[in-house]
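Summary of the model geometry
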Amino acid sequence: MSETSLAVAAKKYKAEVIRRKLASLGILKTSMKVYSDEGYVYFPVIRAPNPDELPELVTGDALVQETVFDRLASKPKTLKEALAGFLDEKLMELVPSSFDIIGNVAVLELDERLRPFASDIASALKLIHKHVDTVLLKAGPSTGDYRTRPYEVIAGSGNTLTEHREHGCRYRLDVREVFFTPRLSGERLRVASQVRPYECVADMFAGVGPFSITIAKMQPACKVYAFEINPAAFRFLEENIRLNRVSDRVTAIFGDVRENYRIIEKKADRLVMNLPFSAEKYLDVATRLAAPSGAIIHFYGFAKDENAVETVKANVGSIINSLGFSAEFLWAKELKEVAPRKFVVALDIAISAVSK
Ligand SMILES: C[S@@+](CC[C@H](N)C(=O)[O-])C[C@H]1O[C@@H](n2cnc3c(N)ncnc32)[C@H](O)[C@@H]1O
């Protein structure tokens, strides 16, 4: 099917430069197929750019006119579909098939070869996800105790304070100041659905509260203690506890869990240890938090080799045993590859003190 649209006709030798400018102005139409003849490439646009925005209109390298275009089959649903025709085949293969959306902030990871096209890719992303304002590019790994990472703003206002919704819960957070990943939403549901009435849960590395709050929402008759060391994350954790009306069930505790565990010593029926970078260093604290009759640990760890699950199990099992506890592995899964050949592994472990 064809349709007439306002178009920018770009002289062929300038077409790529002009396309990029139109893309960064956010006025390219993605529902139509770009058309070209011997002298010009015709880009369908939402509105005419003005000469300040596109100086090529003054030099005569670009014209605004009506043109007939073929309609693309349907609205693009993926980044690759939205970028069809804009990148050559080799670059197209590098376009990520997934990215994170946290509230109205999108977070992308790009191959270095796509770096010159970052703002085009961000514009395409904003066309698919209309509610996204700021688009961030990961500019380094998560580091330090707070597990935060550097980002570069590649589109939008640059505002990274947002509200994310997941499983009927609301999380206020600043993407730059705290750790948060929507990729663990399935894990939060899986863990929360195991919590039984009157359990005491210790969320040892709570962040802005997604495990604690999902648990408290799904199991109102439980008590959750949420430990967090990053002052910014702690502020959001307190705010999110109020926002989700679970203040009667969730207590936030600021500071290092190693310093503060005595608040609930020997009471936790269940522990969440979501600090893959160094959770094993806190297994001694976990055994002090755990109820003497036994507890379940939801443990997240990293491993670098092919047998990631077995490697983490062996390591964690021997640490728990050395602390005078037995460890029974109830469930295990390789969750995601966070870097080439580096995996996050999730384990559910039943521990109990070995009587001497
Ligand atoms: C990987 S993040 C996970 C956050 C949260 N559980 C989530 O799923 O979004 C780990 C969190 O633990 C916090 N943290 C790191 N070391 C800690 C410690 N010793 N005591 C308490 N919190 C800690 C970090 O600031 C960070 O917010």
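Residues numbered from 1 in each chain as written. Predicted model: local features only at pLDDT ≥ 70, side-chain atom pairs only at ≥ 80, totals over all residues. Heavy atoms only, no water.

The protein is annotated in an unreviewed UniProt entry as SAM-dependent methyltransferase TRM5/TYW2-type domain-containing protein from Candidatus Terraquivivens tikiterensis.

Focus: the state of the cysteines
A covalent bond bridging the sulfur atoms of two cysteines is what the word disulfide describes. The following threshold applies: Criterion for a disulfide: a pair of cysteine sulfur atoms at a distance within 2.5 Å. Partly exposed residues are those whose accessible area sits between 20% and 50% of the maximum for their type, while under 20% is buried and over 50% is exposed, using a 1.4 Å probe and protein chains only.
If you walk through the whole model with that rule in mind, you get zero disulfides. Cys200 forms no disulfide, and the closest cysteine sulfur to it belongs to Cys222, at a distance of 8.9 Å. Given a relative accessible area of 9%, Cys200 falls into the buried group. For Cys222, a relative accessible area of 7% gives the class buried.

Brief notes about the site of the ligand
Using the following cut-off: When at least one non-hydrogen atom of a residue lies within 4 Å of a molecule or strand, that residue is treated as near it. In protein, a polar contact means a hydrogen-donor-capable atom and an acceptor-capable atom, both N or O and within 3.5 Å, with residues adjacent in sequence counting only if both atoms are side-chain atoms; elsewhere, any N or O pair within 3.5 Å suffices. Computed by Shrake-Rupley with a 1.4 Å probe, the accessible areas treat only the displayed protein chains as cover when residues are assessed. Any residue outside Ala, Val, Leu, Ile, Met, Phe, Trp, Tyr, Cys, Pro, Asp, Glu, Lys and Arg is labelled polar, Gly included; the first ten of those are nonpolar and the last four are charged.
The environment of the ligand is made up of 19 residues, and the closest members are Phe205, Glu228, Asp256, Val257 and Asn274. Within the backbone of Ile229, one N or O atom sits 3.3 Å away from a nitrogen atom of the ligand. Here Asn274 contributes a side-chain N or O atom positioned 2.8 Å from an oxygen atom of the ligand. Protein chains shield 98% of the accessible area of the ligand, which is 600 Å² for the free molecule. Across the shell around the ligand, the residue classes tally to 11 nonpolar, four polar and four charged.

Thoughts on the packing of aromatic side chains
Convention followed: Aromatic rings from Phe, Tyr and Trp, taking only the six-membered ring of Trp, are treated as a pair when their centres fall within 6.5 Å; an angle between ring planes under 30 degrees marks them as stacked, one over 60 as edge-to-face, and anything in between as tilted. A ring is scored as having a charge over it whenever the NZ atom of a lysine or the CZ atom of an arginine sits within 6 Å of its centre and within 35 degrees of its normal.
Enumeration over the complete set of coordinates arrives at six aromatic pairs. Considering the side-chain rings of Tyr35 and Tyr42, the 5.3 Å spacing of their centres and the 35° angle between planes classify their relative orientation as tilted. Residue class for Tyr35 comes out partly exposed when judged on its relative accessible area of 39%. When the ring of Tyr40 is compared with that of Tyr42, the centres are 6.2 Å apart and the planes differ by 45°; the resulting orientation is tilted. Clustering of aromatic rings is evident, with ring pairs tying together Tyr35, Tyr40 and Tyr42. Positioned above the aromatic ring of Tyr225, the side-chain terminus of Lys223 is 5.3 Å from the ring centre. Against the face of Phe302 rests Lys342, its NZ or CZ located 4.5 Å from the ring centre.

What to know about the sheet that holds strand 6 (residues 105–108)
Strand pairing in a sheet takes place through backbone hydrogen bonds and is either antiparallel or parallel in direction. Test applied: Here, a strand pair is defined by DSSP locating no fewer than two bridges between the strands. By the criteria applied, helices consist of DSSP H or I runs no shorter than four residues and strands consist of E runs no shorter than two, each listed in order from the N terminus. Lines fitted to C-alpha atoms define the axes here, with helix axes fitted over just the stretch in contact, and angles between the N-to-C directions of these axes take values from 0 to 180 degrees. Two residues qualify as a contact provided that any one of their heavy atoms is within 4.5 Å of a heavy atom in the partner residue.
A sheet is described by the order of its strands in space; here four strands give the open sequence 5-6-7-8, paired in mixed fashion. Unpaired on one side and paired on the other, strand 5 (100–102) and strand 8 (151–155) mark the two borders of the sheet. Looking at each pair of strands side by side, their axes are set apart by 30° on average, direction ignored. By the bridge criterion, four bridges tie strand 6 to strand 7 (residues 134–138) in an arrangement that is parallel. Looking at the pairing, Leu108 lines up with Leu137 of strand 7. Helix 5 (residues 118–128) rests against strand 6, strand 7 and strand 8 of the sheet, and its axis sits at about 65° to strand 8.

Here we look at the sheet that holds strand 3 (residues 40–44)
Read across the sheet, four strands follow the order 2-3-1-4 without closing on themselves; strand pairing throughout is antiparallel. Of all the strands in the sheet, the pair left with one neighbour each is strand 2 (35–36) and strand 4 (62–70). Two elements, strand 1 (residues 2–11) and strand 3, share five bridges in a ladder whose sense is antiparallel. Across the sheet, Ala9 pairs through a bridge with Tyr42, a residue of strand 3. Along the sheet face, helix 1 (residues 15–25) touches strand 1, strand 3 and strand 4 and points at about 120° away from the line of strand 1.

Digging into the side chain of Arg19
When you line up the elements, Arg19 lands in helix 1. Arg19 sits in the buried class, given a relative accessible area of 3%. Here Asp120 takes part through its side chain, which lies 3.2 Å from a polar atom of the side chain of Arg19.

Observations concerning the pattern of salt bridges
Selection rule: What counts as a salt bridge is simple: a side-chain nitrogen of Lys or Arg found within 4 Å of a carboxyl oxygen of Asp or Glu.
Summed over the entire model, instances satisfying the criterion amount to 24 salt bridges. Between Glu187 and Arg190 there is a salt bridge, with the nearest N and O atoms lying 2.9 Å from each other. Of this pair, Glu187 and Arg190 both sit in helix 6 (residues 185–192), separated by three residues, roughly a single helical turn. On the basis of relative accessible area, Glu187 is assigned to the buried category, the value being 7%. Residues Arg190 and Asp348 are paired through a salt bridge, measuring 2.8 Å at the closest nitrogen-oxygen approach. Here Asp348 lies in strand 17 (residues 342–353) and Arg190 lies in helix 6, a separation of 158 residues in the sequence. For the residue pair Arg190 and Asp348, the accessibility class agrees, reading buried in each case. Each of Glu16, Arg19, Arg20 and Asp120 takes part in a single network of salt bridges with overlapping partners.

Overview of helix 8 (residues 231–243)
What counts, and what does not: One less than the number of residues in a helix, times 1.5 Å, gives the span that helix is expected to have.
Here helix 8 contains 13 residues, and its C-alpha end-to-end distance of 18 Å stays within 8% of the 18 Å for a straight helix at 1.5 Å per residue. For helix 8, the full list of buried residues reads Ala232, Ala233, Phe234, Phe236, Leu237, Asn240 and Ile241. N-capping of helix 8 is provided by Asn230, with a side-chain oxygen placed 2.9 Å from the backbone N of Ala232. Just downstream of helix 8, Arg245 is the residue with a positive phi angle, here 55°.

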